[in-house]
Amino acid sequence: MTGIDFRRSLAFFERVVVVALALSNTFGTTFAKCDEFSLDTEHHTSTVVRASCVDNSNFTFLLNNGSIRQDCAWITKNKDKVAVRRSAYCAKADVKTQCSATCDDSCCRDNSAFRFTLKNFNKEVDCGWITKNKRLEAQRKAMYCNDGPVKGGCPFTCNSCSGPQPPPPPPSPTPPNPPPPPTPTPPNPPNTPTPIPPGPSPSPPTHNGVPFVRLNSSCQNKIPLQSVFGVNQYQCEASCASNSRCTAVEFTSSSCQLFLRCDGEDIGGNCPSGRICALKKKRKIDANNVLYTVKACVSNGVGQPSCTPVPVTDLRFTKQSAANSCEETEGQKGSVTYVDLTLPAGKALFVEVTTNVSGQSANNGFFVRPTRHTRNWGRAEVAGRTASFYLADTGQFSVEFAPDWIWRNQNQATTFDALMLFVNPEITLPGNLTPIPPDSEGTFVDLGPNKQYLFVGGIDYDWGKDYVFKVHDNTSVYFEKGAHVRGRIVQTEKKVKNVLLKGYGTLDVHYDLDDDVIGVSDDATRQNVGIFGKNIRVDGLTLINTNPTCGLFGYCLNINANWSPLAEPTRGPFDAFDLQLKDPPFAFRQAHCQEKNMDDSPNYDFNNCPTSHNDGQKVSYVKCMTWQLGHDGLNAGKWGTVEKSFVRTVDDAIKPWDSHGIYKDITIWQLTLGWPINFGWWNWNQPDVDTVIDSISVIHNHNWVTSPNWPETESGQCVIGGIYGSGAVKERYRLSNIFVETAASCAVGLQISKNAYSRHPTPEGCVGNMNDMRIDGIYFDENFYQIGGYNNFISGENNPNPGCSGNLSGKVQNMSISGIVAGRPLSRSDFIVK
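Given the structure is predicted, the values throughout are model-derived calculations rather than measurements.

## Considerations on the overall build of the protein chain
Along the backbone of the protein chain there are 10 helices and 52 strands. Here the contacts in the protein chain between residues at least 6 apart in sequence split such that 72% fall between residues at least 24 apart. Here the protein chain has roughly 31,900 Å² of accessible surface; of this, 50% comes from carbon and sulfur atoms.

Put into structure tokens, the structure is as follows:
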């Protein structure tokens, strides 16, 4: 049968009747390119030049649809629609007056269509690239703005406009010897990896009977603390918290050991004279960020008062760091306080939380989400600003002193200060690991092959710049609890095998990446974790992006991403723009494990590529938190498994874009843009089949904030969907047990389009079908919350290119959907189908 089934559920977990609705053979509508929310955040056009050509930044006007207001910048935000929008709106007197820089043809502007090729790389950029990185702006202007074509194409950026110019800034005092103007600097020489120093010697030296080891001119002591009756892990950690020199603990059933940082005087001057050991960099806690107080202990079970909670002292904090003017934040503000806790098998955590956030109180409402898990562990005890409760299983839990209604209030939802408790299984790190020093030099470090490394707990690894670790075959990298590393772990220059990243530490992308360096900062590596290969495992890490710069692309985790190639120095760095608003023929770029190269020629090299779940990627207990558009969530690739993980992003959360994936037991907090479950954009052309998505808890979904403007069809950014522009045929996906707790726009928003913003059609321009896709149970606690102009929507390509037929005609065929919305069955009448 061709069409879509909507399967009715008469009870919350029981589907007893199937109603088949035969629909048209091809569902389709013409897709309009993205106005507002392009993933290609590098390409912007400057518009203001003269003092008389200035847009009023406070002015907004009503669009012709009568329901949405926009500012002047909206007119030129989408380069493909500038002419249409200027024609439609600049004729209006108020718009022409208030948006003079945008609407007045006599104003000098950069040419939005102009592109030029970088001198050091075979890469085309627009004028906006010159000023995109403020640190490099002067250097870029000196290098390019003296070239005739660039000077002519980018007159505003290069200050080469004719006629009246904006007034100069007020003069400042001139030093006696003013510095010379900036001059071009030659490209950096090839990066030389910094070797990791050897680990502890077999017989470490001692001082006063205390063993210590050297860490690249740094030292660390390990002093045992004898166990006493009743000491548990949290009391052990409390002992560490009370010792100003303690950086980490090691707890077993019979011992509690404290790791103490060393001072020079403690080890008889063996540290360099006059220098404090690098491991003394214990994280400082800003009193302004202490928004919650948490206590916990291990109980024998729910309701068994067998423990007294002790303070949890290693709370972490992340917040929106970009300026309010950054449109890529999509209005998302707020913060997250988070902590990793461990739960012994067969036990329960008893937790007591006090909120210090202004306006929060359990009197207004209190939830520990996902509630479908926590409601089985008894009612919380609440009193004003304090609540206590049990957590009897591992997972990721949001503790909320707030009522349900705030998630339908834009200001409340986007400024909420959250608390996340990440409850993990116990792990034991192996011995004889090579500690990674926090004072390495260079741009990147090679890890491996055939080695094991350790990021030390309680240390802030911060090199003051972007820092990259390249992993090789048979390499393990462990994180002690509390290790905070401002860096990335990647390998895209080759396919590797048997890589393990494990532990309860944080990997933080914080600094601007340098210009695209192949294998270091090109688009394929702009992730917290980005690796090609087989048997890649990531377990327990927290991946965050705290970069304050607006619009820098980079996912939390991509393993064997099917939209990016192997890095090849002879071909220059790969740029995502190569597949955005582009049609075939595509340039040749070598595939890693894809069946075809980027130009659709066959790939013959499948060395170190997974062939089953036995050697596929495994991602578990990973936590991803980001704050901007383009900072997507988790994608584990072909034969990949993502389980027991958490995603909180301003963009698509999980990315099941390849065959034989498993995504299960995942908690999602979707922020103001993106699909919680995204079906793909620009996949390279190969079969995409038999992926399973099960037991997903969407605790919040704020994308109703931006759904009126994106996508530009009648679709909203729903829980499931996307705008699919690939020639890969997607078949036999099975989705089940999707639970949505608070306000959400819609269930499914899906469109297949040869004109998708990010796309990779076949050489003939064909897009693939979606066949036999089943959504077996999507459950909404509340009615859909919509603020106009969108709905559930399913559409195929309505105007396929000549010769595009069969599975390459862009149809949605044999899709079935069942679910419950606030107690009623999800039905055909909830959808727009074209």
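## Things to note about the sheet that holds strand E15 (residues 335-343)
The strand order E14-E15-E21-E20-E17 describes an open sheet built from five strands, whose pairing is mixed. The open sheet has two edge strands, strand E14 (316-319) and strand E17 (367-369), and neither has a second partner. Strand-to-strand twist in this sheet, taken as the mean axis angle between neighbours without regard to direction, amounts to 25 degrees. Pairing of E14 with E15 involves four bridges; the strand directions are antiparallel. Bridge pairing in E15 places Arg-316 opposite Tyr-338.

## Observations regarding the state of the cysteines
Tallied over the full model, the rule gives 10 disulfides. Note on cysteine connectivity: Cys-72 is disulfide-linked to Cys-99, with sulfurs 2.0 Å apart. Every disulfide takes its handedness from the sign of the S-S torsion; for Cys-72 and Cys-99 that torsion is -75 degrees, giving left-handed. Within this pair, whereas Cys-72 is found in the loop between strand E4 (69-71) and helix H1 (73-77), its partner Cys-99 is found in the loop between helix H3 (93-98) and helix H4 (100-103), the two being separated by 27 residues in sequence. An identical accessibility class is assigned to Cys-72 and Cys-99; each is buried. With its sulfur 2.1 Å from that of its partner, Cys-127 forms a disulfide with Cys-154.

## With respect to helix H2 (residues 82-89)
Of all the residues in H2, the buried ones are Val-82, Arg-85 and Tyr-89. Considered in projection along H2, the buried side chains sweep an arc of 70 degrees and stay on one side of the axis. Turned more than 90 degrees off the buried face of H2, the exposed positions are Ala-83, Val-84 and Ser-87. The elements touched by buried residues of H2 are strand E3 (60-62), H1 and H3.

## Let's talk about helix H6 (residues 137-144)
Among all positions of H6, only Glu-137, Arg-140, Ala-142, Met-143 and Tyr-144 are buried. Those residues of H6 that are buried are in contact with strand E5 (116-117), helix H5 (128-132) and helix H7 (148-153).

## Describing the packing of aromatic side chains
A complete count under the given rule lists 34 aromatic pairs for this structure. Here Trp-704 and Tyr-785 contribute two aromatic rings whose centre-to-centre distance is 4.8 Å and whose plane-to-plane angle is 90 degrees, an arrangement assigned as edge-to-face. Of this pair, Trp-704 sits in the loop between strand E41 (692-701) and strand E42 (720-724) while Tyr-785 sits in the loop between strand E47 (774-780) and strand E48 (792-795), and the two are 81 residues apart along the sequence. Judged by its relative accessible area of 23%, Tyr-785 is partly exposed. Through pairs of rings, three or more aromatic residues link up here, namely Phe-455, Tyr-461, Trp-463, Tyr-467, Phe-469 and Phe-479. Over the ring of Trp-129 we find Arg-140; its NZ or CZ atom is 3.9 Å from the centre of that ring. Over the ring of Phe-444 we find Lys-470; its NZ or CZ atom is 4.1 Å from the centre of that ring.

## Brief notes about the sheet that holds strand E52 (residues 831-833)
Taking strand neighbours across the sheet as the criterion, the five strands line up as E39-E42-E45-E48-E52 in an open arrangement whose pairing is parallel. At either end of the open sheet lies a strand with only one pairing partner, and these are strand E39 (677-678) and E52. With two bridges joining them, E39 and E42 adopt parallel strand pairing. Bridged to Ile-677 within E42 is Ile-720.

## Notes on the environment of Ile-666
Looking at where Ile-666 falls in the secondary structure, it is placed in strand E38 (residues 662-670). Residue classification places Ile-666 among the buried residues on the basis of a relative accessible area of 0%. For the pair Ile-666 and Ser-695, spaced 29 residues apart in sequence, the C-alpha to C-alpha distance is 6.9 Å. Aside from chain neighbours lying at most four places away, what touches Ile-666 is Val-642, Ser-645, Ile-654, Ser-695, Ile-696 and Ser-697.

## Considering the pattern of salt bridges
All chains considered together, the criterion is met by 30 salt bridges. Two residues, Arg-316 and Asp-460, come together in a salt bridge whose shortest N-O distance is 3.7 Å. Here Arg-316 is found in strand E14, whereas its partner Asp-460 is found in strand E25 (residues 460-461), with 144 residues between them in sequence. We note a salt bridge from Arg-369 to Glu-400, for which the minimum N-O separation is 2.8 Å. Of this pair, Arg-369 sits in strand E17 while Glu-400 sits in strand E20 (residues 395-400); the two residues are 31 residues apart in sequence, bridging distant segments of the chain.

## With respect to unusual backbone geometry
Most peptide bonds are trans, and most residues other than glycine sit at a negative phi. Of note, the amide linkage connecting Gly-448 to Pro-449 takes the cis form, showing an omega dihedral of 5 degrees. Along the polypeptide, Pro-449 turns up in the loop between strand E23 (444-447) and strand E24 (452-455). The linkage connecting Trp-710 with the following residue, Pro-711, adopts the cis geometry, with an omega of -5 degrees. Considering the arrangement of structural elements, one finds Pro-711 in the loop between E41 and E42. In this structure, Lys-644 takes a positive phi of about 50 degrees despite not being glycine. A positive phi is found at Asp-690, a non-glycine position, where the angle reads about 60 degrees. By the secondary structure assignment, Asp-690 is in the loop between strand E40 (688-689) and E41.

## With respect to the environment of Ala-591
For Ala-591, the location among the structural elements is in the loop between strand E33 (557-559) and strand E34 (618-620). With a relative accessible area of 1%, Ala-591 lands in the buried category. Measuring from C-alpha to C-alpha, the distance between Ala-591 and Leu-566 comes to 5.9 Å, with 25 residues separating the pair along the chain. Those residues in contact with Ala-591 that lie beyond four places of it in its chain are Leu-566, Lys-596, Asn-597, Asn-603 and Trp-684.

## Examining the side chain of Thr-374
Along the polypeptide, Thr-374 turns up in helix H9 (residues 371-374). Other than its neighbours up to four places away in sequence, Thr-374 contacts Val-368, Leu-391 and Phe-397.

Rules used throughout
- Residues numbered from 1 in each chain as written.
- Predicted model: local features only at pLDDT ≥ 70, side-chain atom pairs only at ≥ 80, totals over all residues.
- Heavy atoms only, no water.
- Helix = DSSP H or I, 4+ residues; strand = E, 2+ residues; numbered from the N terminus.
- Contact = heavy atoms within 4.5 Å.
- Areas by Shrake-Rupley, 256 points an atom, 1.4 Å probe, with all protein chains shown as cover.
- Pairing = 2+ DSSP bridges.
- Axes fitted to C-alpha atoms, helices over the stretch in contact; angles between N-to-C directions.
- Disulfide = S-S within 2.5 Å.
- Buried < 20%, exposed > 50% of the residue type's maximum accessible area, 1.4 Å probe, protein only.
- Arc of directions from axis to C-beta.
- Phe/Tyr/Trp six-rings, centres within 6.5 Å; stacked < 30°, edge-to-face > 60°.
- Lys NZ or Arg CZ within 6 Å of the ring centre and 35° of its normal.
- Salt bridge = Lys/Arg side-chain N within 4 Å of Asp/Glu carboxyl O.

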